[in-house]
Amino acid sequence: MAAFDLEEQEQISQIKGWWEQFGTLVTGAAVAAALASVGWQGWQWYQGKQTAEASALYAVLQKAASEKNTQKSREAAGALIEKYNGTAYADMAALLSAKVQAEAGDLKNARVPLAWAATKASDPALRELARLRLATVMFDDKAYDEALAQLQAPTDESLVARFADLKGDILLAQGKREEARAAYKAVVTALETTTKSESAALREIAQAKLDAVGGAQ
Amino acid sequence: MFDAVRNNKKVVQVFLVMITLPFAFFGVESYVKNAGNSDGVATVGGTAIQMGEFQQALREQQERMRGALGASFNPAMMDTPETRRAVLENLVNQRLLALDAQKMRLSVSDASLRDTIAAIPAFQENGHFSLPRYEAVLKAQGMTQAVFEGRLRHDLALQQVLGAVAEGVLVPQSSVDQVYSVQLEERTVSEVRLPAAQFAAGVKLAEDAARKFYDTERKRFEMPAQLKAEYVVLSKDAVANQLSVADADVRKEYDAHPERFSQGEERRASHILIQADKGAGDAALKAAREKAEALLKQLTAKPDDFARLARENSQDPGSAEKGGDLGFFARGAMVKEFEEAAFGLKNEGETSGVVQSDFGFHIIRLTGVKASKSRPFDEVKGEIAAELKRNEAAKKFAELVESFTNTVYEQADSLKPAAEKFKLAVQATDWIAGDGKAPAPFNNEKLIGELFSDEALKNKRNTSAVDVGNGTLVAARVLEHKPAALRPFEEVKPVIEKALGNEEAVKLAEQDGEGKLAKLAKGEAVDLAWSPARAIARSEQGLPPEVLRAIFRASTEKLPAYAGVKVPGAGYALYRIEKVNRPVAKADDPRRAAIKQQYARVLAEQDFGAYIAALRKRHDVKVNYALLDEQKDK
């Protein structure tokens, strides 16, 4: 102790005092931080592993889809939705598998993944698309009221035109010309000022449909 | 300051611990990752799109347009603010997708990557993936394997999203039927035209109408400043034409580089191939070698059977049907082992042993030799002389540039000294303006700028020697000059009056047409000379779009229906719609399939656009418009 002068000794005792008062707290905080960090890294690792497995399964689905193999697509998408929901792959698989089923004319099996994705997909943007496509399948299935119910709630503004276009088609199929006309008009209005060529194309198509149900007046 | 530290030691100690602790768990990189990311032309979710990246994309877009448009391509058209914005928009979208793929941890397994690469035809030989070929193709593109595979991995990850979002689009069957019926709709129509000329007699222009127009629209009657100039051109070609080359020098060049004036040896061979990848495994290799050796034995017994054996056994589908013939080839065209064997055979008709290459086992027969031969001196004399002149001219031109520049500058009131000194002709232009439309070289901005400067116009001085590209220097001086001027009123008065009169007549025609249309719509009789009716489709090519729009937008709840349309500058036209025909799609109609495909694409693009819009909300996108537009005047 002789190596320390008075001032230093005083400081040492100060530090000791401080440590007695706050030592447990500091140690506790450090341990908690360390645990949280380890936990975080572990969670990251787990997530990485989950998505890597999901990715491999999605590759199987992509292949099956390109071969138009409905059975295999259904199985791969089913496994993704069951075991890997929460990953983006489950959402994407639902959309892709539904396409394969619907193209093959199997509307019942096209509905299943879409119904799941429309409410449970983790990506809200994909949820909206799933809802739109679910309504499409229901429309093909002649379940008009069910389909319109899917299109009810207000949606992402970039999909307003898409929703209204489909709504118009369904209403027209029900023989409701006036309401269909209003829906088509909504498409044209929503895309009035667009500068994108793909949106302009949809506007032209909706305009033609509008003309055919009696025009804008 | 140290006192402050000493007095607050405790605070400082705690503070130090707080800074040190995180490094124990997170490493340093997260602190420096975002450094140096500022000053981009846009930032997307905290990452910058740098100016260089943007310009690269703009150049690529220009190249694509050049390829698509060919000779009608105009680079100025490509540098509009709209194109710049569209190109940036595209880059932002790509970045958004990449960020999102990262966030969602989209990944591509090594196995998928391998399968994809193996399936790319450019990397295949004889229908199989070939590693040497893969390496060669990438090398030719100036890419390393790591870079290519990284890009491909990225593309495949985006493909996963696209597959679900865009390609996964569903199109209702009855919507297709409906689009089919409205797009192929035909309306049977008669027409009456009310041309403006019919109303010309009714037009009364005010006395001072032309004068007023002239006063308010002065700009239209301005003529730009013009000038006539004389000029001299010093170019590499001009210098080369003044040079002559001695025959002896040409001969010397010919003798010094015989390899440049000869064609290498070419050989023709046939082969029988038994395929076996070098990595195929010992058993497969052994089996293939044994098969090849058995064939060789048959050949030794019956040498004339080569063609037949090749046809029956060779696994090189290209040559097998031709009896194994590969035609003539020079060194460098074939794999190394094959080349060595083929060029090692001495006489035509000689057959090699079994030769192993990357493809498998070959038996090779030499069937022709074209010895290397020199091109005769007389044939290449002209070429060599031109090349020597070109080289000499380039050297001489570099020497002349400075003295030419000095001469036109020092004797600034005439071009003659320069013309005489460098043996150049003084040429003269017709009237030219500074609008960039003058013939070359006066479309060069710098040259025309100097000609229209006070120095050249008022002081009658030479311009400097301007480099107009392609190793060409031009110096010019003004001969005559007409300043910008307004065309006198009397000269343009008849033109103005005619235009105003027509405008007035068009208005009258429109009023008359609209009045008649209103009457027709009410069902009143109007005496009009309707044209014979004819069926018009929505996609009719012969009619202006505004006419088609008027005809097809008219409500046809009641027939006949009427439509009217202003024909810009010409008058008005009335249409009577007598019949509407909306065809019903048959399931197997190829037009229905085409319409379905087209409609599906439109919907897919909408869905994809909505997805991108959602991403835009998720990641902050900022565009530095000032920087984007400022770069235009680089």
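None of these values were measured; they are calculated from a predicted model.

Caption draft 1: Examining the overall build of chain A more closely. For chain A, the count of helices and strands is nine helices and zero strands. For chain A, the sequential pattern of α-helices and β-strands runs α-α-α-α-α-α-α-α-α. Considering chain A as a whole, with its 217 residues, one finds that 44% of them fall into the buried category. In chain A, 50% of the contacts between residues at least 6 apart in sequence involve partners at least 24 apart. Carbon and sulfur atoms make up 57% of the accessible area of chain A, which amounts to about 10,900 Å² in all.

Caption draft 2: A look at the sheet that holds strand 22 (residues 621–623) of chain B. Residue and element names in this part refer to chain B. Here three strands make up an open sheet; going across it, the order is 2-1-22 and the pairing antiparallel. The open sheet is flanked by strand 2 (47–49) and strand 22, the only strands paired with a single partner. Strand-to-strand twist in this sheet, taken as the mean axis angle between neighbours without regard to direction, amounts to 20°. Examined bridge by bridge, strand 1 (residues 42–44) and strand 22 share three bridges and lie antiparallel to one another. Along strand 22, the bridge assignment pairs Thr 43 with Lys 622. Contacts from helix 6 (residues 81–103) reach strand 1, strand 2 and strand 22 within the one sheet, and its direction differs from that of strand 2 by about 150°.

Caption draft 3: The interface of chain A and chain B, seen in detail. The interface is formed by 63 residues belonging to chain A together with 54 residues belonging to chain B. Summed over both partners, the interface of chain A with chain B buries about 4,700 Å², with 54% contributed by carbon and sulfur atoms. If you sort the residues of chain A by the area they bury against chain B, Arg 133, Arg 162 and Asp 211 of chain A come out on top, with a joint share of 12%. Counting the contacts that link chain A with chain B gives six salt bridges. For Arg 618 of chain B, the salt bridge goes to Asp 123 of chain A, with nearest N and O atoms at 2.7 Å. Where chain A touches chain B, the interface holds 21 residue pairs in polar contact (both at pLDDT 80 or more). For the side of chain A that touches chain B, the elements supplying multiple residues, two or more each, are helix 1 (6–66), helix 3 (88–103), helix 5 (124–140), helix 7 (160–173), helix 8 (177–190) and helix 9 (197–212) of chain A. A breakdown of the residues in the side of chain A that touches chain B according to their chemical character gives 31 nonpolar, 16 polar and 16 charged.

Caption draft 4: The arrangement of the nonpolar core in detail. Counting residues in hydrophobic clusters, the biggest one holds 113 residues, and the most contacted among them are Tyr 58 and Met 92 of chain A together with Phe 54, Leu 106 and Tyr 611 of chain B. What Phe 54 of chain B contacts, discounting residues up to four positions off in sequence, is Val 41, Arg 84, Val 87, Leu 88, Leu 91 and Leu 628 of chain B. Counting residues in each nonpolar core, the second largest holds 18 residues, with Val 239, Phe 397, Ala 419 and Ala 465 of chain B among its members.

Caption draft 5: Inspection of the packing of helix 2 (residues 70–83) of chain A against helix 3 of chain A at higher detail. All names here are of chain A. In contact at an axis separation of 9 Å, helix 2 and helix 3 are set at 160° when each is read in the N-to-C sense. The pairing of helix 2 with helix 3 is recorded here as roughly antiparallel in orientation. In this structure, helix 2 crosses over helix 3, and the sense of that crossing is left-handed. Contacts from Thr 70, Ser 73, Arg 74, Ala 77, Leu 80 and Ile 81 of helix 2 reach helix 3 at Tyr 89, Ala 90, Ala 93, Ala 94, Ser 97, Val 100 and Gln 101. Counted by class, the contact of helix 2 with helix 3 contains eight nonpolar, four polar and one charged residues.

Caption draft 6: Highlighting the sheet that holds strand 12 (residues 360–370) of chain B. All names here are of chain B. Pairing is antiparallel in the open sheet, where four strands are placed in the order 10-9-12-11. If you trace the sheet from one side to the other, it starts and ends with strand 10 (325–330) and strand 11 (351–356), each paired once. Geometrically, the sheet is characterised by an average inter-axis angle of 35° between neighbouring strands, direction not taken into account. Where strand 9 (residues 266–275) and strand 10 come together, four bridges link them in antiparallel fashion. Considered in strand 10, the bridge of Arg 268 is made with Phe 328.

Caption draft 7: Fine view of the confidence of the model for chain B. Residues and elements named next belong to chain B. Summing up the model confidence of chain B, the mean pLDDT is 84 and the portion of residues at 70 or higher is 93%. Contacts for the low-pLDDT stretch residues 28–37, under 50 throughout, to residues beyond four places or in other chains number seven contacts. With pTM at 0.62, the complex prediction returns an ipTM value of 0.85.

Rules behind the numbers
Residues numbered from 1 in each chain as written. Chains lettered and ligands numbered in written order. Predicted model: local features only at pLDDT ≥ 70, side-chain atom pairs only at ≥ 80, totals over all residues. Heavy atoms only, no water. Helix = DSSP H or I, 4+ residues; strand = E, 2+ residues; numbered from the N terminus. Buried < 20%, exposed > 50% of the residue type's maximum accessible area, 1.4 Å probe, protein only. Contact = heavy atoms within 4.5 Å. Areas by Shrake-Rupley, 256 points an atom, 1.4 Å probe, with all protein chains shown as cover. Pairing = 2+ DSSP bridges. Axes fitted to C-alpha atoms, helices over the stretch in contact; angles between N-to-C directions. Buried area = accessible area lost by both parts, 1.4 Å probe. Salt bridge = Lys/Arg side-chain N within 4 Å of Asp/Glu carboxyl O. Polar contact = N/O pair within 3.5 Å; in protein donor to acceptor, adjacent residues only side chain to side chain. Nonpolar A, V, L, I, M, F, W, Y, C, P; charged D, E, K, R; others polar. Core = buried A, V, L, I, M, F, W, Y, C linked by side-chain atoms within 4.5 Å. Parallel < 35°, antiparallel > 145°, perpendicular 65-115°, else oblique. Left-handed = near helix turned anticlockwise from the far one by under 90°. pLDDT = per-residue confidence, 0-100.

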